[in-house]
2 protein chains.
Amino acid sequence: MYEGLEERAIDLGKTASSSDVIYNALRDEIISGHLKAGDSIRQEYIAKVFNVSRIPVREALKRLEAQGLVQNERYKGAVVSSLSNAEIEEIFAIRAYLEPLVIKRSVENIKPQTLADARRYCEEFSDEEDAGKWGEWNRLFHETLYQDANYPFHLKTIREAIDRVDSYIRAQLVLTHGMTRARKEHLEILEACEQGDGDRAAEMIRQHIQGAYASLMEYLKENKDS
Amino acid sequence: MYEGLEERAIDLGKTASSSDVIYNALRDEIISGHLKAGDSIRQEYIAKVFNVSRIPVREALKRLEAQGLVQNERYKGAVVSSLSNAEIEEIFAIRAYLEPLVIKRSVENIKPQTLADARRYCEEFSDEEDAGKWGEWNRLFHETLYQDANYPFHLKTIREAIDRVDSYIRAQLVLTHGMTRARKEHLEILEACEQGDGDRAAEMIRQHIQGAYASLMEYLKENKDS
DNA sequence: CTATTGCATATTGGATCCAATATACAATAT
DNA sequence: ATATTGTATATTGGATCCAATATGCAATAG
């Protein structure tokens, strides 16, 4: 009796609220670049798309505002945040500062399953030509490698940092062979982790991030219009 | 004509929304320790206290959740987040890692006005015996010294880190002469900044934070009950 | 007496409605 | 023609109401 029932029932209580669904959807739209910096987000429109009232939409917007992805002005509404070049520099600086620390700590007690997951994300995304999905695999790869650090606050900070620059990265990657280069670097980082060489992994992550920043700035210099 | 009118009118458009007021109030209650870890926050009660409906209360709670100060469970409501010892260690670790970097960068182009502000917060709070207000002065002192780094994302991260541990610090400070020690260290840090010695300021900030962590852990070890 | 079930109450999630403000545009004055 | 003013519309902020779920307690079966 009861065999297997509990596992099947586990996710029953955690059905996502409308607010959660809309938050995730808007976040995806922003970091994928479908919603661009400066775009205003109309509550009524989002509500109609999801067949809900504006209440959960507004709650989602408050969360996005707390994260910095949108800016709210009273009686004017939410606008997708834009980043100055200085702010882009800052985001990459904190990533290049935090992620080496975290990966080193994570490698110190990394689980085989974690390495297997990371390898899967690494290989699966290498087949993926769609830059849209690339961002998701990229994020999963990074987060997976960091997860055994058991540093949730660092992880949240890194996640929010990546979220802020993701749309910029993506716009650049599709045009500059950045994806093949990133894949190669990911593989090397993964191998360092598999060998338990935290220092090497940390240094490579640092270079990986700084290289991405350099490519992005070069790209932005050549495309000032967009 | 028009003389002085514009300045007087500036803040007219920015009257805070109910949601903002309630967010700030709840945040204050949590970081001051009046709302303790594990306490549940009843929407209806907050709404009645502020003479508003539950809508702005819920929006405020969503922001607090995004910040990590409360946790929401569907149909159960918001509960003030608690921190394990490991999480406390993590918060202090990231503070000790980020704040030296930021103060060094800030000192490099710090403005006289900033130093004057910091000195004021330093001296005014030294008279302050009330641990409640102490936290506010402490935060202002730290944030002021960091502001000329022009690193808003770092600052936001540091602010949220401090918010998470503030109530724990305060509980400890009042009983262990921590306030007089902190005041002395603040003064020394301020002097290093005034002399333009960023490296020294960075090192002292690091020790200041690690010392606070050590005191807190000792305090928590002796008071496992609370 | 204990465990389960059913029900009443409390609380949160969401929908609908109204108020406050912004925005676009026509009307008017200079 | 240009700048100002008035007005209609669009949009957001908030209040009130209803639905969905949780929680506490009494009733009942064993």
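The preceding data block contains the structure.
All values reported here derive from a predicted model rather than from experimental measurement. (Residues numbered from 1 in each chain as written. Chains lettered and ligands numbered in written order. Predicted model: local features only at pLDDT ≥ 70, side-chain atom pairs only at ≥ 80, totals over all residues. Heavy atoms only, no water.)

1. Some words on the overall build of chain A
Part 1: Counting its regular elements, chain A contains 10 helices and 3 strands.
Part 2: The secondary structure elements of chain A, listed N-terminal to C-terminal, are α-α-β-α-α-β-β-α-α-α-α-α-α.
Part 3: The buried share of chain A, taken over its 226 residues, is 46%.
Part 4: Within chain A, residue pairs in contact and separated by at least 24 positions form 78% of the contacts whose partners lie at least 6 positions apart.
Part 5: With an accessible surface of roughly 12000 Å², chain A has 50% of that area assigned to carbon and sulfur atoms. (Helix = DSSP H or I, 4+ residues; strand = E, 2+ residues; numbered from the N terminus. Buried < 20%, exposed > 50% of the residue type's maximum accessible area, 1.4 Å probe, protein only. Contact = heavy atoms within 4.5 Å. Areas by Shrake-Rupley, 256 points an atom, 1.4 Å probe, with all protein chains shown as cover.)

2. Comments concerning the protein's contact with DNA strand C
Part 1: Around DNA strand C, 19 residues are found, and the nearest of them are Ser-18, Ser-53 and Tyr-75 of chain A together with Arg-54 and Arg-58 of chain B.
Part 2: A breakdown of the atoms of DNA strand C within 4 Å of the protein gives sugar and phosphate a share of 69%.
Part 3: Contacts to DNA strand C include Ser-18 of chain A, whose backbone N or O atom sits 2.7 Å from a phosphate oxygen.
Part 4: Between DNA strand C and Gln-43 of chain B, the relevant distance is 3.0 Å, taken from a phosphate oxygen to a side-chain nitrogen or oxygen of the residue.
Part 5: Of all the secondary structure elements, the ones that give two or more residues to the surface near DNA strand C are α4 (54–67) of chain A together with α3 (43–49) and α4 (54–67) of chain B.
Part 6: Looking at the surface near DNA strand C element by element, the count peaks at 3 residues for α4 of chain B.
Part 7: The residue inventory of the surface near DNA strand C, partitioned by class, reads 7 nonpolar, 5 polar and 7 charged. (Near = heavy atom within 4 Å. Polar contact = N/O pair within 3.5 Å; in protein donor to acceptor, adjacent residues only side chain to side chain. Nonpolar A, V, L, I, M, F, W, Y, C, P; charged D, E, K, R; others polar.)

3. Remarks on empty space enclosed by the protein
Part 1: Counted according to the given criterion, the structure contains 1 cavity of 30 Å³ or more.
Part 2: Estimated volume of the largest cavity: approximately 60 Å³.
Part 3: The wall of the largest cavity is formed by Phe-153, Lys-156, Thr-157 and Glu-160 of chain A together with Phe-153, Lys-156, Thr-157 and Glu-160 of chain B.
Part 4: Sorting the residues of the lining of the largest cavity by element identifies α8 (152–173) of chain A together with α8 (152–173) of chain B as the ones contributing at least two each.
Part 5: Taken together, the residues of the lining of the largest cavity sort by class into 2 nonpolar, 2 polar and 4 charged. (1 Å grid on protein atoms, 1.4 Å probe; cavity = no way out; pocket = protein on both sides within 12 Å on 5 of 7 lines; lining within 4 Å. Points joined across faces, edges and corners; volume = space filled by probe spheres on them.)

4. Regarding the environment of Lys-104 of chain A
Residues and elements named next belong to chain A.
Part 1: Assignment of secondary structure puts Lys-104 in helix α5 (residues 85–108).
Part 2: For Lys-104, a relative accessible area of 32% corresponds to the partly exposed category.
Part 3: Considered as a pair, Lys-104 and Arg-200 are 96 residues apart in the sequence and their alpha carbons are 8.5 Å apart.
Part 4: Those residues within four positions of Lys-104 in sequence are excluded, and the remaining contacts are Gly-198, Asp-199 and Ala-202.

5. Concerning the pattern of salt bridges
Part 1: Following the criterion strictly, the structure yields 40 salt bridges over all chains and no others.
Part 2: The salt bridge partner of Asp-20 of chain A is Arg-63 of chain A, with a shortest N-O separation of 2.7 Å. Here the residue Asp-20 of chain A occupies a position in helix α2 (residues 18–32), and Arg-63 of chain A occupies one in helix α4, the gap between them amounting to 43 residues.
Part 3: By relative accessible area, which is 14% here, Arg-63 of chain A ends up buried.
Part 4: Arg-119 of chain B is the partner of Glu-194 of chain B in a salt bridge, and the nearest nitrogen-oxygen pair spans 3.1 Å. (Salt bridge = Lys/Arg side-chain N within 4 Å of Asp/Glu carboxyl O.)

All quantities given are derived from atomic positions and should not be read as evidence of function.
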